[in-house]
Amino acid sequence: MALNHLDKDDKVKELFFARVNVQTATSLFYYEKIGVVQQLIHQLKYRGQEEVSYFLGKWMAAALQDDPAFKDINLVIPVPVHPKRLAKRGYNQVDGFGKELAVVLGARFRESVLIKSRNTINQAQLGQIKRSDETQSPYELMEHIPPGTHILLVDDVITTGTTLALCAKELHKNPGVQLSIATMALSV
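Residues numbered from 1 in each chain as written. Predicted model: local features only at pLDDT ≥ 70, side-chain atom pairs only at ≥ 80, totals over all residues. Heavy atoms only, no water.

(A) Seen up close, the overall build of the chain. When helices and strands are counted, the chain shows 7 helices and 7 strands. Helices (α) and strands (β) of the chain occur, in sequence order from the N terminus, as α-β-α-α-β-α-α-β-β-α-β-β-α-β. Within the chain, the proportion of its 188 residues that are buried is 50%. As displayed, the chain has an accessible area near 9,200 Å², and 54% of this comes from carbon and sulfur atoms. (Helix = DSSP H or I, 4+ residues; strand = E, 2+ residues; numbered from the N terminus. Buried < 20%, exposed > 50% of the residue type's maximum accessible area, 1.4 Å probe, protein only. Areas by Shrake-Rupley, 256 points an atom, 1.4 Å probe, with all protein chains shown as cover.)

Set out below in structure tokens:
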């Protein structure tokens, strides 16, 4: 369980190489099928334990507050969930994570920039091939972001990077923005 962005081989950033332009990317933990991190994420996503999002956000924020790569973040944006899933769960599982990062990094948090307009099957139920389909994005950009803004896009778990790549492509429709990524975990 280590901060992945501090790893020499930078596995998180490699997932986005040649897909989208990312300044830096990090994950708090490695996610394995059996383990404490999986249990935390499952409590957050499927057991109504929203406080896990804030807890992990505080943990990540403490690690990033002195990291020069994250010093100029202006805006933190969570990967959106479809309104039906939001109604069922009662919250977006990455909002607390993003809000805690925004506070420590001195950035604004805005969940209204991106929306998920098409309800897709839970990614955890899909195989690698279907998960990596980047041709039909369910995400839409709803707000203009000024040039020069450094965005931190946040999510829970990276598996193939497709969700984040699709969101990043939408955010890059705003000319002159910079984009970095922070997630709770990276699937290994």
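(B) A look at the packing of helix H2 (residues 36-46) against helix H3 (residues 51-64). Running from N to C, H2 and H3 point in directions that differ by 135 degrees, and their axes come no closer than 8 Å. In terms of axis orientation, H2 runs oblique to H3. Two secondary-structure elements touch here, H2 through Leu40, Ile41 and Leu44 and H3 through Val52, Ser53 and Leu56. For the contact of H2 with H3, the class distribution of residues is 5 nonpolar, 1 polar and no charged. (Axes fitted to C-alpha atoms, helices over the stretch in contact; angles between N-to-C directions. Parallel < 35°, antiparallel > 145°, perpendicular 65-115°, else oblique. Contact = heavy atoms within 4.5 Å. Nonpolar A, V, L, I, M, F, W, Y, C, P; charged D, E, K, R; others polar.)

(C) Focus on H2. The complete set of buried residues in H2 reads Val37, Gln38, Ile41, Leu44 and Lys45. Angular distribution of buried residues about the axis of H2 spans 130 degrees; they occupy a single face of the element. With respect to the buried face of H2, the exposed residues turned more than 90 degrees away are Val36 and Gln39. Along its buried surface, H2 packs onto strand S1 (25-31), H3, helix H4 (83-89), strand S6 (150-158) and strand S7 (178-187). (Arc of directions from axis to C-beta.)

(D) Structural context of the nonpolar core. One finds Leu56, Val76, Leu101 and Leu152 to be the most contacted residues of the largest nonpolar core, which totals 28 residues. Mapped by element, the contributors of at least two residues to this core are S1, H2, H3, helix H5 (95-105), S6 and S7. No other element matches H3, which puts 5 residues into this core. In this structure, Tyr30, Ile151, Ala165 and Leu179 belong to the second largest nonpolar core, which totals 26 residues. (Core = buried A, V, L, I, M, F, W, Y, C linked by side-chain atoms within 4.5 Å.)

(E) Examining the side chain of Asp156 more closely. Residue placement: Asp156 occurs in strand S6. At 2.9 Å, the side chain of Asp156 and the side chain of Gln93 are in polar contact. Apart from the residues lying within four places of it in its own chain, the contact partners of Asp156 are Lys45, Gln93, Val94, Thr183, Met184 and Ala185. (Polar contact = N/O pair within 3.5 Å; in protein donor to acceptor, adjacent residues only side chain to side chain.)

(F) Spatial organisation of the pattern of salt bridges. Inspection of every chain in the model, using the stated rule, returns 3 salt bridges. Among the ionic pairs, Arg110 bridges to Glu143, the shortest N-O distance being 1.9 Å. Pair noted here: Arg110 is in the loop between strand S3 (108-109) and strand S4 (114-116) and Glu143 is in the loop between strand S5 (139-141) and S6, with a separation of 33 residues, a long-range link. The exposure class of Arg110 is partly exposed, given its relative accessible area of 24%. (Salt bridge = Lys/Arg side-chain N within 4 Å of Asp/Glu carboxyl O.)

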